[in-house]
Structure formats: C-alpha cells, structure tokens
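One-letter residues, chain by chain:
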Amino acid sequence: MNAEKKSYNSDFLIIGSGIAGLSFALKAANHFKEASVTIITKSEKSESNTKYAQGGIATVWNETVDSFEQHIEDTLVAGDGLCDEDVVKMVVEDAPARLRELMEWGAIFDKTSKGDFSLGREGGHSQDRILHHQDLTGAEIERALIAQVDKTENIQFLTHHFAIDLITEHQVKKRQTSVLEKITCYGAYVLDEKRNVVKTFAAKVTMLASGGNGQVYFTTTNPVVATGDGIAMAYRAMAEVSEVEFIQFHPTALYNPGEYPAFLISEAVRGAGAILRDYYGNRFMHKYDVREELASRDIVARAIDHELKISGMPNVYLDCTHLEYETFKNHFPNITEKCLTLGIDVRKDFIPVSPAAHYICGGVNVNKKGKTSIKNLYGAGEVTRTGLHGANRLASNSLLEGIVFAHRAFENLTQRFDKIKTPKNIPDWNDSGVVKNMEKILITHDRNEVKTIMSNYVGIVRSNERLLRAERKLHVLFEDNKRLYDHSELSVDLCELRNLITTAFLITRFSKARKENRGGFHNVDLIKKEL
Ligand code: SIN
C-alpha cells in the first residue's frame, strides 16, 4: 500500500451515486450553502442500479382515474402483509411532489400526443401510473441529476472511491462497540482506487445510498457494482438490519447464456400486453393467478421457476408478436434494439426469458426520517429497509422510495444539522503489516463460490436443508476471506468479496430464522399463515 495517507473533512459524506445519493446531495448542498458535500462512488458517476432501471416511477398522476388509496392498496397487497402502512401512505402521497422536483432538475418523462404523461402499467398495479422515459428511465434520471450536481459548487464528486468501513467509536475510541449502546458515525474510510490510498473522510453526516447486492447471485439484472457494500458495512458497524431474506427475482430477464449481468426485459412489456409462454408455446399464468401476466413479481417469478422445473428447460418465452410494432418500438427502443442484436425480431419471434435476482426488499433499518439506528448515519434507497416493500416490492416503487427517503432525511437535517459537531481525532487507517496479495485468483474463485452457494441454495425456492448447507459453506468462505483480508493490501475486489460474503450470510441467516412464507420468500418446509 502506498505510504501516503490523507485525511479529509466534509460536512456531508454521501456513499453512492444513484437517485437517492444524488438527490440528497443536491438538497443538502443547495440548502446549506456554506457546507461541504462529498459524493463518493466506486465506479463512474452514473454507474448504479438506478441507471439500469427501465420501467419507471410509480406515481398517482391522474386523479380522475387513479387515487392514492389504490396505489397504497396495491403496495400493501404486493408486500403480503409485511409493509408498514404509515410508511406506504407517506411515500405514495409524497410521490407527485418528488416527481415534480425531478422534472425541475431536468428529467424528462414521456408524454402522449395529447401532451399528457404517458402512464405505463406493471405487475401488481391496478392502474396505469408509471412515469417513464422510454425504457431508459433510470439512465435519464441519472443524466439529469448528474448535470445538476456538476454545476453545484459545494459538491465534490469523487469517482473510483470505494467506502471500506464506517467510522464509529470502534475506531475513534479504539474499543468494541455493542448493539445495546448508542453508536455514532463519524464518516468513513475510503479507498482511492486510482492512487491506492485509504483516505479518512470525517463527516458530520454520512448518507448511505449505496444500492443493492444482486451480485451475490450468478443470474442478476444488477450491474457488477451491486455487491452489498452498504449493508455489509452498516452491519459491521452494528447498525440494525432486517428483512434481507426478501430477495426479489425479476421474472423476465433475457435468457442469453454467458451474458452477465442479465439484460432486463422490463415488466412494462407485460404491462403493454406481452404474454408468457412455456418452452412449447403454451400460456401458463392462468394456472397461478387470476391477474395472469400482471400478477405481482413474486408470483410470476415463482410460476416461471415452477414451469422450468417441470419442463427441465432453461427458459420460457415472452410473446410480443401481437403488439403494435411502432408503439412497442417507441416505448421500448432499448429492448427492441437489444433483441435485434441477438437476431430476435419481436414482430415474429418470442423473447427467451428466465428469472434473475433483481432487488433486495430489506436492508439497513431506517425510520420515516431516513435515520438508521446509528447516530448521524442516514440511509436511502435499496440499501435500506424502510417498511415500504414488506415481503415483495411493488414494481416501480424503488426509485420512488429512494427519492422520498432522501428528501425525508434532508428535511430532518434542516432541523438538526447546525447542532452536529465536526468529528475530531479520527485515526488514520492502519495498514501496517499487510502484504500485496499475489493470489488474486483466490478472490475470483471465492466470488464464484458465493454466487454458486446462493444460486443453488438460497434462490427463489429454499428449504431448511439448502439453507443449512449454504450457511456451512459460507462459514468456510468467511474464515478463508478473513485471513486474506487481515493480511493483504486492500483492493476493491477483496473488499467486495468481503461484503458479498457478509451479505450472503445475512440473507441465509435471516432466511433460516423466518418461520412462514410470505411474498418473495418461499421455503418448501414452511407454510404461509393466512392474515
Ligand atoms: C422493470 O422495468 O421491470 C423494473 C422496474 C422495477 O424494478 O421496479
């Protein structure tokens, strides 16, 4: 490791550059004009789960046909009895204001020829209410927010900076912390990947907006950066974490062996009328739910999984051949183009699809103000458990959750930021005694091993025996990785592996502890209690 060390102070330290992190940064910087705001992201500016969101943002926009009550009800039904109703109400009712704000920041959403917003539909929604930008909604939001951030003077945006660990009493007072005490966050240790230096970022407020962890599975729609860093880091700092057993599998990722991450075929395609067919061309969703293709994601993903197990085939199909092509191409240019590059012409060919890990419904607990259980550590977006999603997230509620909770955290800080003291005497990162890791191949093997364990034993359908096996195997990996981590010079792949193993462990442990099936969680040895 380079001997040079650097200590920095920033009033706000934001970890992650998706919708939650960027919108929070803009609000904090614009309100607290004298404050310094630093965003760190481990890759390029826009690389985040947000960028890959195709479908859009669910919002009650047309109150003549839709209502907050219906959006609330749809969210509660999808969440299968585990949503926090107060939180659902708060998010749904705040949605239109947050969407207007996004538009003021320059995000463009599609309109009809009459000039109204073009509202899409997705599984589990009783109304058309998804605002979208073609099938590239997340990329459009990232574009708009980054353009705003780039012209905001008091924001420093650091790419290729990887947050290793949160700083708490554990480092500052050099003592073990306990879940029973009030822990405070004083910033984070951050690996500057290009200079190979661990920097100390002391911060009054730390915002965890680091996204999800789809990379614990082989087949995922999440980009390679989604390695559960925030959940693992917060857990190590002893923040409360919950409901991580609720992994949402997207029913329709493009089946294209060898392509990682899997390309998403948006649920909005089914919303536009596409039909699921088994390997032999037969419809099957009527056997599973009266809403057929528009049942919520957990039900559709499990139905496809079941069909695949019966047929022994690797994929089912999405049939769009009956849809009006020009309309389809205008709404889904990215999907149309992707299919064409693989020789699939949606006018006459079915699209091969299979489920893929897509979203984690639980995470680091935050309250309605975006506060975690650790003082001065806030959270927003997929890294958190807010109570909005319960056991299964309703489609297109994720970007919404991110922007609403970023706003709530900001609002809370307008009341208390001035009272937060600048952290002092933060020790530098101690890397004495570490050596360069000459066996990178071990990290690659272990990363694949995590994915194998999770895909084989902690997938859409689990069992007590599978979970036990996963736990045992992850334990071995954990011990091996700990030895490597404690003695090696840090690198992003090593830190990511550590976080992947921790997150996989948490998902497995929480799955073992769950005693009834709900939403996206299904263990063949359990039953579902009726509500
Ligand atoms: C999709 O477009 O199907 C994904 C949207 C979401 O995850 O809510």
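We now turn to the structure provided with this report. (Residues numbered from 1 in each chain as written. Predicted model: local features only at pLDDT ≥ 70, side-chain atom pairs only at ≥ 80, totals over all residues. Heavy atoms only, no water.)

Some remarks on the nonpolar core
1) Next: In terms of nonpolar packing, the biggest core is built from 65 residues, with Ile 15, Ile 164, Tyr 217 and Met 454 touching the most fellow members.
2) Next: The leading source of residues in this core is helix α14 (residues 492–513), at 9 residues.
3) Next: In contact with Ile 15, other than residues within four places in its own chain, are Ile 40, Ala 163, Leu 166, Ala 188, Thr 206, Met 207, Leu 208, Ala 209, Ser 210 and Met 233. (Core = buried A, V, L, I, M, F, W, Y, C linked by side-chain atoms within 4.5 Å. Buried < 20%, exposed > 50% of the residue type's maximum accessible area, 1.4 Å probe, protein only. Helix = DSSP H or I, 4+ residues; strand = E, 2+ residues; numbered from the N terminus. Contact = heavy atoms within 4.5 Å.)

Notes on the layout of surface pockets
1) Next: Size it by volume and the second largest pocket reaches roughly 660 Å³.
2) Next: Partitioning the lining of the second largest pocket into residue classes produces 18 nonpolar, 9 polar and 4 charged. (1 Å grid on protein atoms, 1.4 Å probe; cavity = no way out; pocket = protein on both sides within 12 Å on 5 of 7 lines; lining within 4 Å. Points joined across faces, edges and corners; volume = space filled by probe spheres on them. Nonpolar A, V, L, I, M, F, W, Y, C, P; charged D, E, K, R; others polar.)

Considerations on helix α13 (residues 464–487)
The α-helix advances 3.6 residues per turn, and as a result positions three or four apart in sequence lie on the same side.
1) Next: Compared with the 34 Å implied by 1.5 Å per residue over 24 residues, the 35 Å span of α13 between its first and last C-alpha is a close match.
2) Next: What α13 keeps buried is the set Leu 467, Ala 470, Glu 471, Leu 474, Leu 477, Asn 481, Leu 484 and Tyr 485.
3) Next: Buried residues belonging to α13 abut β6 (161–166), α12 (440–457) and α14. (Expected span 1.5 Å × (residues − 1).)

Side note on the pairing of strand β2 (residues 37–40)
1) Next: Both faces of β2 are covered, namely the face carrying Val 37 and Ile 39 and the face carrying Thr 38 and Ile 40.
2) Next: Bridge count between strand β1 (residues 6–15) and β2: 4 bridges; the pairing is parallel. In the strand pairing of β2, Ile 15 is matched with Ile 40.
3) Next: Regarding the hand of the β-α-β motif, the stretch spanning β1, helix α1 (residues 19–31) and β2 is right-handed.
4) Next: Here β2 pairs with strand β5 (residues 155–158) via 4 bridges, running parallel. Among the inter-strand pairings, Ile 39 is bridged to a residue of β5, identified as Phe 157. (Pairing = 2+ DSSP bridges. Right-handed = clockwise from strand over helix to strand, strands pointing away.)

Observations regarding the side chain of Asp 319
1) Next: By the element assignment, Asp 319 lies in strand β12 (residues 316–319).
2) Next: Residue class for Asp 319 comes out buried when judged on its relative accessible area of 3%.
3) Next: For Asp 319, the side chain forms a polar contact with the side chain of Arg 277, separated by 2.8 Å.
4) Next: Asp 319 has contacts with Ala 274, Ile 275, Arg 277 and Phe 350, leaving out every residue within four places of it along the chain. (Polar contact = N/O pair within 3.5 Å; in protein donor to acceptor, adjacent residues only side chain to side chain.)

Here we look at the packing of helix α3 (residues 85–104) against helix α11 (residues 398–416)
If you want to describe how two helices pack, look at the angle between their axes and the distance between the axes.
1) Next: Their axes nearest at 9 Å, the elements α3 and α11 cross at an angle of 90°. By the angle between their axes, α3 is roughly perpendicular relative to α11. The segment α3 lies against α11, with Val 87, Met 90, Val 91, Asp 94, Ala 95, Arg 98 and Leu 102 engaging Leu 400, Ile 403, Val 404, Phe 405, His 407 and Arg 408.
2) Next: A class-by-class count of the residues in the contact of α3 with α11 yields 9 nonpolar, 1 polar and 3 charged. (Axes fitted to C-alpha atoms, helices over the stretch in contact; angles between N-to-C directions. Parallel < 35°, antiparallel > 145°, perpendicular 65-115°, else oblique.)

Things to note about the packing of aromatic side chains
1) Next: Following the criterion strictly, the structure yields 15 aromatic pairs and no others.
2) Next: Both rings, one in Tyr 189 and one in Trp 429, keep their centres 5.1 Å apart while their planes meet at 65°; by these two values the pair is edge-to-face. Highlighted residues: Tyr 189 in strand β7 (residues 187–192) and Trp 429 in the loop between α11 and α12, separated in sequence by 240 residues.
3) Next: With a relative accessible area of 2%, Tyr 189 lands in the buried category.
4) Next: Plain terms: the ring middles of Phe 478 and Phe 505 are 6.1 Å apart, the flat faces sit at 75° to each other, and that makes the pair edge-to-face. (Phe/Tyr/Trp six-rings, centres within 6.5 Å; stacked < 30°, edge-to-face > 60°.)

Here's the deal with the pairing of β1
Strand residues, when the strand is regular, have side chains that alternate between the two faces of the sheet.
1) Next: Taken together, the 9 bridges between β1 and strand β8 (residues 197–208) define a ladder with parallel strand orientation. Within β8, the position partnered with Ser 10 by the bridge is Ala 203.

Some remarks on the sheet that holds strand β13 (residues 351–360)
1) Next: Read across the open sheet, the 4 strands follow the order β10-β13-β12-β11; overall the sheet is antiparallel. One side of each edge strand has no neighbouring strand; the edge strands of this open sheet are β10 (247–254) and β11 (275–277). The mean inter-strand angle of the sheet, taken between neighbouring strand axes irrespective of direction, is 45°.

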